[in-house]
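Listed here are the chains, written in short residue letters.
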Amino acid sequence: MMKLGLEMWEMELLQQLSLWNDTAIRLLDVQRLSVLPGNDLRNYRLPANLLFFTRNGHGKLLVDGTSYTVAPFFVCHAGKDAVIDLAATAEPIEYVAIYYSAELLQSAARDPAFRYEERHALQLSFGFSPAKRLSHHQIVEQIEHKWSARQGLESFHAHALLQSLLYELLKQLQTEGYQTPTEAVSLVAKHIDANYNKPLKLETMAELVHCSSRQLQRWFKQQKQLGPMEYVIKVRMDHAAQLLQHTSATVQEIALSVGYRDMYYFSNAFKKYYGTAPQDYRRAAAAIHVHALPASAARDGAVSSYRANDGLVVRHAKGELRLQRSPKRIAVLDVQYADQLITLNELPAGSVGIGGSAISCFPDYLQTRLGQFRALGTCEQPDLEAIASLQPDLIVCTQMHEELYGQLSRLAPTLMFHRNEDWRKMLSLFGDLTGKRHEADKMLQEYRDKTARLSDKLAAKLQGQRVALIRPRDTFIRLHTVIHRTGAILYEDLGLPAPFFIAGDFVSDTAYHISLESLPEVNANHYFLLSNEMFKERVSDMQRSVVWNSLSAVKKRHVYTVDASSWIGSYGPMGINRIVDDVAQSLLA
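Reading the values: rules and limits
- Residues numbered from 1 in each chain as written.
- Predicted model: local features only at pLDDT ≥ 70, side-chain atom pairs only at ≥ 80, totals over all residues.
- Heavy atoms only, no water.
- Helix = DSSP H or I, 4+ residues; strand = E, 2+ residues; numbered from the N terminus.
- Buried < 20%, exposed > 50% of the residue type's maximum accessible area, 1.4 Å probe, protein only.
- Contact = heavy atoms within 4.5 Å.
- Areas by Shrake-Rupley, 256 points an atom, 1.4 Å probe, with all protein chains shown as cover.
- Core = buried A, V, L, I, M, F, W, Y, C linked by side-chain atoms within 4.5 Å.
- Phe/Tyr/Trp six-rings, centres within 6.5 Å; stacked < 30°, edge-to-face > 60°.
- Expected span 1.5 Å × (residues − 1).
- Axes fitted to C-alpha atoms, helices over the stretch in contact; angles between N-to-C directions.
- Parallel < 35°, antiparallel > 145°, perpendicular 65-115°, else oblique.
- Left-handed = near helix turned anticlockwise from the far one by under 90°.
- Nonpolar A, V, L, I, M, F, W, Y, C, P; charged D, E, K, R; others polar.
- Polar contact = N/O pair within 3.5 Å; in protein donor to acceptor, adjacent residues only side chain to side chain.
- Pairing = 2+ DSSP bridges.
- pLDDT = per-residue confidence, 0-100.
- Salt bridge = Lys/Arg side-chain N within 4 Å of Asp/Glu carboxyl O.

1. Remarks on the overall build of the protein
In step 1: Counting its secondary structure elements, the protein contains 25 helices and 23 strands.
In step 2: Relative to its full complement of 589 residues, the protein shows a buried share of 50%.
In step 3: Taking as baseline every contact in the protein between residues at least 6 positions apart, the subset at least 24 positions apart corresponds to 69%.
In step 4: Accessible area for the protein stands at about 28300 Å²; split by element, carbon and sulfur atoms hold 50% of it.

This is the structure in structure tokens:
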């Protein structure tokens, strides 16, 4: 992939200003095509510039040897004579191919200051998932429709739409560089892995992927649930822990080998990260008892349990864990597990809360029922010292805590599950852990009966009207899909019709990020608006906008503001039932 930094982009665009004004964009053809798995497109040389827009499917695209991951809404640009390869994975890739030419007018062509083939940005190859992908999807469909007509102003409009679309894509490149967030995070992570023992600065790492420090920070948080510098610390501490366990090197030698010149600073950082000093960690590691069994019997981390002669065996993300007796002091590192236990009239010995990385709080419906327990920090930042002092006989965490699993396992037998695991499976599992499987099964049947009755009422009331679940963030709006846990309640358990953009088999993510300007394209009849204190101002800004107030659902008062902490942060049985009750109260009132 050709990568240009922001400064280079700005210089290039300034130098090309007159060139752009003298460039004629000419639409040549628009084709809707597909590639089936096993029927790859190989070594295809482009007859003209290409704008490639994916509608459905997943796979790999090579442009002159540069690899891109293809997914719905992925867009790629390639210049004339580029050679492309396209391969689908498990499903066909459906895409729109827009061929066009970008030609200099004669006056500019005579200018010796420019060599078009080398300098013009429309000869470059790039690919990414655009920020305004719903808007771009609509524009591509308009171009396709108007090009098929090819009559009078319709053909002229197709050319104008193409030029506008090219401008939007190049503008995003100028702002964000060529990498997708996933590619940028992967590149920086590999750089950190290879250079963790050297001085590393956030600004320097951001320059590697041609983005701002703030943007890289946001991407890392989204991809890895921790910032770039936090990832540096994680990698250094992982290496330090390995050296403490498997070598006799001194603490000072280990500190130097992982990038710390000051042994005392390293020791403090290690204790803050692991909850224990380096020498104490080494002694504990030497005497550790391994609780987890090999993962050979586990099926891709599937949640299940079975009774053996010597106790209960639980299959989880790390393999199998054998428990000879029912745990009495359970520490949970996600508040949904506190909900599971309380539903079964069992209390956790300790629980993390929800909220920001430094603020711990609990949903109101749990706060009054938690009783005497130990607060263990937040899901994002568990308090390892508090967990150790609790002396639990079982820890339950999620794959969000992957990097802490080794430390947690040294404190107590530890179960790790996918954070998005179906709450029904988890309730059955906690029923087995606490000896209350009968009670768990009864609660599940009550939920099935409740949602079936409500689904019938909602279908009769709405008669096909579509319902959207949105959450305003800093620079975009999250439109949640059926893959999201709360979305599954709305669209699966209650059978509510989803907006067209997030309906169908092509949905591949828990949410789509859309701009405020793209919100009318969602075209929902009802909106559940997720709000909390953290994004209260963003919600207010959106509600004051012209775009928001132009929505039919807003005019008809079909917008229902709900608590994001409950709807997004709580996924136990009580939290799920509260969401169902909120839906009933909002839509049936």
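What follows picks up the thread again.
2. So, the nonpolar core
In step 1: One finds Leu496, Phe528 and Val583 to be the most contacted residues of the largest nonpolar core, which totals 91 residues.
In step 2: For this core, the element with the most residues is helix H6 (residues 153-176), which contributes seven residues.
In step 3: Sequence-distant contacts of Val583, that is, excluding residues within four places in its chain, are made with Leu458, Leu490, Leu494, Leu496, Phe528, Trp567 and Leu588.
In step 4: Listed in part, the 52 residues of the second largest apolar core include Tyr196, Ala240, Ala241 and Ala255.

3. What to know about the packing of aromatic side chains
In step 1: Tallying each qualifying case throughout the model produces 14 aromatic pairs.
In step 2: Measuring from ring centre to ring centre gives 5.9 Å for Tyr260 and Tyr265, while their planes differ by 35°; the resulting arrangement is tilted.
In step 3: What makes Tyr260 buried here is its relative accessible area of 7%.
In step 4: With centroids separated by 4.9 Å and ring planes inclined at 85°, the aromatic side chains of Trp423 and Tyr447 adopt a geometry described as edge-to-face. With Trp423 in helix H18 (residues 423-434) and Tyr447 in helix H19 (residues 437-462), this pair connects stretches of sequence that are 24 residues apart. Across the pair, Tyr447 and Trp423 agree in class, each one buried.

4. A word on H18
In step 1: In this model H18 runs 16 Å from its N-terminal to its C-terminal C-alpha over 12 residues, within 8% of the 16 Å that 1.5 Å per residue would give.
In step 2: Among all positions in H18, only Trp423, Met426, Leu427, Ser428, Leu429, Phe430, Gly431, Asp432, Leu433 and Thr434 are buried.
In step 3: Directly beyond the C-terminal end of H18, a positive phi value near 75° is found at Gly435.

5. Let's talk about the environment of His401
In step 1: Of note, His401 is situated in the loop between strand S17 (394-398) and helix H17 (405-411).
In step 2: Placed 20 residues apart in sequence, His401 and Gln381 show a C-alpha to C-alpha distance of 9.1 Å.

6. Let's talk about the packing of H19 against helix H25 (residues 573-588)
Helix-helix packing is characterised by the crossing angle of the two axes and by the distance between the axes.
In step 1: Between H19 and H25, the shortest axis-to-axis distance is 11 Å and the interhelical angle comes to 20°. With respect to H25, the axis of H19 lies roughly parallel. For the element pair H19 and H25, the recorded crossing hand is left-handed. On H25, the residues touching Tyr447, Lys450, Thr451, Leu454, Lys457, Leu458, Lys461 and Leu462 of H19 are Ile576, Asn577, Val580, Asp581, Val583, Ala584, Leu587 and Leu588.
In step 2: Residues that form the contact of H19 with H25 fall into these classes: 10 nonpolar, two polar and four charged.

7. Description of the side chain of His77
In step 1: Looking at where His77 falls in the secondary structure, it is placed in strand S6 (residues 75-78).
In step 2: When its relative accessible area of 0% is taken as the criterion, His77 is described as buried.
In step 3: A polar side-chain atom of His77 sits 2.6 Å from a polar atom in the side chain of Tyr100.

8. Some details on unusual backbone geometry
Comment: phi is negative for the bulk of residues other than glycine, and the bulk of peptide bonds are trans.
In step 1: At Gln463, a position not held by glycine, the phi torsion is positive, near 50°.
In step 2: Positive phi outside glycine occurs at Asn523, with the angle close to 60°.
In step 3: You can see Asn523 is positioned in the loop between strand S21 (511-514) and strand S22 (526-531).
In step 4: A relative accessible area of 53% means that Asn523 is categorised as exposed.

9. Here's the deal with the pairing of strand S2 (residues 41-45)
Every regular strand shows the same layout, with side chains that alternate between the two sheet faces.
In step 1: Among the five residues of S2, zero are classified as buried, and the element is accordingly described as predominantly exposed.
In step 2: The pairing of S2 with strand S7 (residues 83-88) spans three bridges and is classified as antiparallel. Within S7, the position partnered with Leu41 by the bridge is Leu86.

10. As for the sheet that holds strand S18 (residues 414-417)
Across a sheet, paired strands are connected by hydrogen bonds in the backbone, their directions being either parallel or antiparallel.
In step 1: Read across the open sheet, the five strands follow the order S16-S15-S14-S17-S18; overall the sheet is parallel. This sheet does not close on itself; its edge strands, each paired only once, are strand S16 (374-378) and S18. Strand-to-strand twist in this sheet, taken as the mean axis angle between neighbours without regard to direction, amounts to 20°.
In step 2: Judged from the three bridges that link them, strand S14 (residues 330-332) and S17 form a sheet pairing that is parallel. In the strand pairing of S17, Val332 is matched with Val396.

11. Remarks on the confidence of the model for the protein
In step 1: The predicted model of the protein averages 81 in pLDDT, with 84% of residues at 70 or higher.
In step 2: Taken element by element, the predicted model of the protein shows its lowest mean pLDDT in strand S10 (residues 292-293) (33) and its highest in S14 (95).
In step 3: Here residues 1-18 is a poorly scored stretch, pLDDT under 50, and it has 39 contacts once near neighbours within four places are set aside; other chains count.
In step 4: Across residues 288-301, confidence stays below pLDDT 50; counting only partners more than four residues off in sequence or on other chains, it has 26 contacts.

12. As for the pattern of salt bridges
In step 1: One pass over the structure, following the stated rule, counts 18 salt bridges.
In step 2: Glu144 is the partner of Arg32 in a salt bridge, and the nearest nitrogen-oxygen pair spans 2.7 Å. Highlighted residues: Arg32 in strand S1 (residues 23-35) and Glu144 in helix H5 (residues 133-149), separated in sequence by 112 residues.
In step 3: Classification of Arg32 by relative accessible area gives partly exposed; the value is 44%.
In step 4: Each member of the salt-bridge network shares a partner with another, and the members are Asp40, Arg42 and Asp85.

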